[in-house]
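The primary structure of each chain is shown beneath.
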Amino acid sequence: MTHPRVVSHPLVLRQATVLNVQRPTPRLLRVTLGGPELQAFERDGLKLPPFTSPIFDDHIKLIFSSDGNTEAVLPTQNEHGIDWNFSDQLITRDYTPRRFDADLGELDLEFVIHEGGTAVDWALKAQPGDCLWFVGPKSSTVLPENLTHIIFLCDETGLPALARFLEERPSPAAITAIIFIRNNEARISLPLSSGDSLRWVVGNPSDPQIWEEAARSLNLNKDNNPYIFAAGESRALLPLRRYLSRELGLNKHQLNITGYWHITEETQESSRQGLVPVLPESPLPWLAVRAGLQLGLLQELAHGRWRSLTDLAEQLGADLLGLKALCQALAERQILIYKDHQVQLGEAGHLLFDDDHLVEHFLGYHADQFLALLNLHQQIGASKLTSWEQYTGSSLRRQALYNTEVYEELVERAEAIEYVASNLFTASRWADNTEVLVQGPGSLTVAKLYEAQKVKLDVKVLEEEPALSLLRKKWEEEPHSLRVSFTSTWEPVQVAISALSSHAMTNAQLAEHLTEAAKYVQKLILIVEEGTDQLIPHAAEHDLLRYALIGQAQRGEESITLLAHNAGFTTAERSPLGWGLAAYTLSMGEDKSNIS
């Protein structure tokens, strides 16, 4: 099976108008939206592209305000993306476009009726002429071309995606659909084809057991190469994910399992105003989980079987009394279940292994960031070293170049460029160029954007070894139509792009980086992270972490411009991209592309 392909879209803030409201079933509301901003339009001098939703499980982010003043919480629209502004009143909800007709200029959204939901409350009151603000979709997942069998497991919230799939048929593969509903009022007519099968399961869609039982009834195996789409309540999906990935061994490219809602989400969505402040609790639980992973204890219990404490101590070479104390402490947090000197993984413990990224919060680069904060008081005090430098003995930039895990994390974070900067790489912008030098952890993302835009360029990726070898390996893992070469030294070139190199650089390192670039390039596009996207919870804490890592919580226009001028660049033009990112175009007065 080939891998699914992700296609990004420019992030645009749009206002739509309610055209019609229907009730296809007693439990479903369909709201039809229209308006000029579904087409290409202009706002504040920006030319913005038309709305698009090519794939059945796209999602858009609806924007509401807890005090009813939605316009006060809207994100800022930039040429290339959006920046969220911090607000206690901001509420967002993700919904799947049920239907989009570009010719008619109509967009359908469907809302499952339940009590206490912000989006549902709006839909229940919606009348023709009402307005709705939204952003997205940011990307679409294109299915592999060679699928033979697709399985849908969903509750009512996943029905819009399933119904749209069956109507549009983006794949000719046969469909097996199992839909979990609370009662028969939720049933809808679906356009099945020959070879498809459909089963309605009446029960509690929040019950994890019915999801796993349904999947087991299909007698799946990885040799049949099924592609599985599942959408429902987040926690109800955990045993299903565990069964498919851990027990059956299906790889992540065969699974599209998404928590569309959380059982407590709507009851806890009130404004933060009026809540009683709570001091942070002890870091001891985090350290206990880290110790359990470092010992290999949690990995030994990952398959869910009861194990004797004595046997575990012998196998791990651990002190029995210490291991017992650790297990009892982890049991208090539901990481483990402890009974009669026997232990097994608890519900919270299973969460660690159901999500590929959760373990990373306790080991490796993520954990090192947390531990480096123990030196924060010294950095804020008199020390000239960052907290990271004091903890690791070297700068984050140096660590990234020689530590694959750290550099891969930077590469993953740099993928944000794809969603907010795609307009930078359209063919029309690069018609006068034949080659470009791209540097930094975002190099491959930039190369893929050129490839997607069918820009005819020779792209050369620049990075120091051994990080350069990692980039080369990642690029060569998949087939590409764009020709890319790799180098570890600067070369004379008309245009170069520094793609989030500064994320791991102190100001001194960034100054050195710019000074070196100024020797070889006529124009440098510097893509930087100026601050944290305000939609991220506790954004100020992320800025504090950046300070601990590189000595800069935020890098503003004044700082970047000064560094650029000191390096020899004569101009610095700033373009906000969105999500806290910006692009600076740094220019020189002398053409250096012919320097020998």
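Residues numbered from 1 in each chain as written. Predicted model: local features only at pLDDT ≥ 70, side-chain atom pairs only at ≥ 80, totals over all residues. Heavy atoms only, no water.

### Concerning the overall build of the protein
And then number 1: Within the protein, the secondary structure is distributed over 20 helices and 28 strands.
And then number 2: Its C-alpha radius of gyration of 26 Å places the protein within 12% of the 25 Å reference for a compact globule of 596 residues.
And then number 3: By its C-alpha atoms, the protein is 75 × 70 × 55 Å across when sized along the principal axes.
And then number 4: Looking at the protein as a whole, 49% of its 596 residues qualify as buried.
And then number 5: Sequence-distant contacts in the protein: of pairs separated by 6 or more residues, those separated by 24 or more amount to 71%. (Helix = DSSP H or I, 4+ residues; strand = E, 2+ residues; numbered from the N terminus. Rg over C-alpha atoms; globule rule 2.2 N^0.38 Å. Buried < 20%, exposed > 50% of the residue type's maximum accessible area, 1.4 Å probe, protein only. Contact = heavy atoms within 4.5 Å.)

### Quick notes on the nonpolar core
And then number 1: Core analysis: the largest hydrophobic core is formed by 61 residues, its most contacted members being Phe-425, Trp-430, Tyr-450 and Ile-497.
And then number 2: Look past the residues within four positions of Ile-497 in its chain and what remains in contact with it is Phe-425, Trp-430, Val-436, Leu-437, Val-438, Gln-439, Val-446, Tyr-450, Leu-524, Ile-525 and Ile-527. (Core = buried A, V, L, I, M, F, W, Y, C linked by side-chain atoms within 4.5 Å.)

### Considerations on the packing of aromatic side chains
And then number 1: Across all of its chains, the model carries 17 aromatic pairs by this definition.
And then number 2: Ring plane angle 80 degrees and centroid distance 4.8 Å describe the contact between Phe-51 and Phe-100, whose orientation is recorded as edge-to-face. Linking Phe-51 in the loop between strand 5 (46–48) and strand 6 (60–65) with Phe-100 in strand 10 (residues 97–101), this pair joins segments that are 49 residues apart in sequence. Taken individually, Phe-51 and Phe-100 each receive the classification buried, so the pair is uniform in this respect.
And then number 3: Seen from their ring centres, Trp-286 and Phe-370 are 4.3 Å apart, and the 45 degrees between their planes marks the pair as tilted. Here Trp-286, found in helix 5 (residues 284–295), pairs with Phe-370, found in helix 10 (residues 364–372); they are 84 residues apart in sequence, far enough to count as distant.
And then number 4: Its relative accessible area of 16% is what places Trp-286 among the buried residues.
And then number 5: What links up through ring pairs into an aromatic cluster is the set Phe-56, Phe-152, Phe-165 and Phe-229.
And then number 6: A cation sits over an aromatic face here: Lys-138 above Tyr-419, 5.0 Å from the ring centre. (Phe/Tyr/Trp six-rings, centres within 6.5 Å; stacked < 30°, edge-to-face > 60°. Lys NZ or Arg CZ within 6 Å of the ring centre and 35° of its normal.)

### Some remarks on the sheet that holds strand 10
And then number 1: What the seven strands build is an open sheet, ordered 9-6-12-2-3-11-10; its pairing is antiparallel. Unpaired on one side and paired on the other, strand 9 (90–95) and strand 10 mark the two borders of the sheet. Ignoring strand direction, the axes of neighbouring strands in this sheet form an average angle of 35 degrees.
And then number 2: For strand 10 and strand 11 (residues 106–112), the ladder comprises four bridges, and the chain directions are antiparallel. In the sheet register, Asp-101 faces strand 11, and the bridge partner there is Glu-106.
And then number 3: Helix 2 (residues 159–168) rests against strand 10 and strand 11 of the sheet, and its axis sits at about 40 degrees to strand 10. (Pairing = 2+ DSSP bridges. Axes fitted to C-alpha atoms, helices over the stretch in contact; angles between N-to-C directions.)

### Describing the pattern of salt bridges
And then number 1: Across all of its chains, the model carries 24 salt bridges by this definition.
And then number 2: Residue Arg-30 pairs with Glu-110 through a salt bridge whose shortest N-O separation is 2.7 Å. Here Arg-30 is found in strand 3 (residues 28–34), whereas its partner Glu-110 is found in strand 11, with 80 residues between them in sequence.
And then number 3: According to the relative accessible area criterion, Glu-110 is buried, its value standing at 5%.
And then number 4: Two residues, Arg-398 and Glu-464, come together in a salt bridge whose shortest N-O distance is 4.0 Å. With a gap of 66 residues between them, Arg-398 in helix 13 (residues 396–402) and Glu-464 in the loop between strand 23 (458–462) and helix 17 (467–476) connect regions that are remote in the sequence.
And then number 5: Residue Arg-398 is classed as partly exposed on the basis of its relative accessible area of 35%.
And then number 6: The partly exposed category is assigned to Glu-464, whose relative accessible area is 32%. (Salt bridge = Lys/Arg side-chain N within 4 Å of Asp/Glu carboxyl O.)

### Examining the confidence of the model for the protein
And then number 1: Per-residue pLDDT for the protein has a mean of 87; in total, 95% of the residues score no lower than 70.
And then number 2: Across residues 265–275, where pLDDT falls below 50, the model places 19 contacts with residues more than four positions away in sequence or in other chains. (pLDDT = per-residue confidence, 0-100.)

### Things to note about the pairing of strand 26 (residues 521–529)
And then number 1: A large share of strand 26 lies buried, amounting to eight of its nine residues.
And then number 2: Strand direction decides the pairing type here: strand 25 (residues 493–499) and strand 26, joined by six bridges, are parallel. Bridge pairing in strand 26 links Val-493 to Val-521.
And then number 3: Where strand 26 meets strand 28 (residues 581–587), seven bridges bridge the pair, whose relative direction is antiparallel. Directly across from Glu-529, in strand 28, lies its bridge partner Leu-581.

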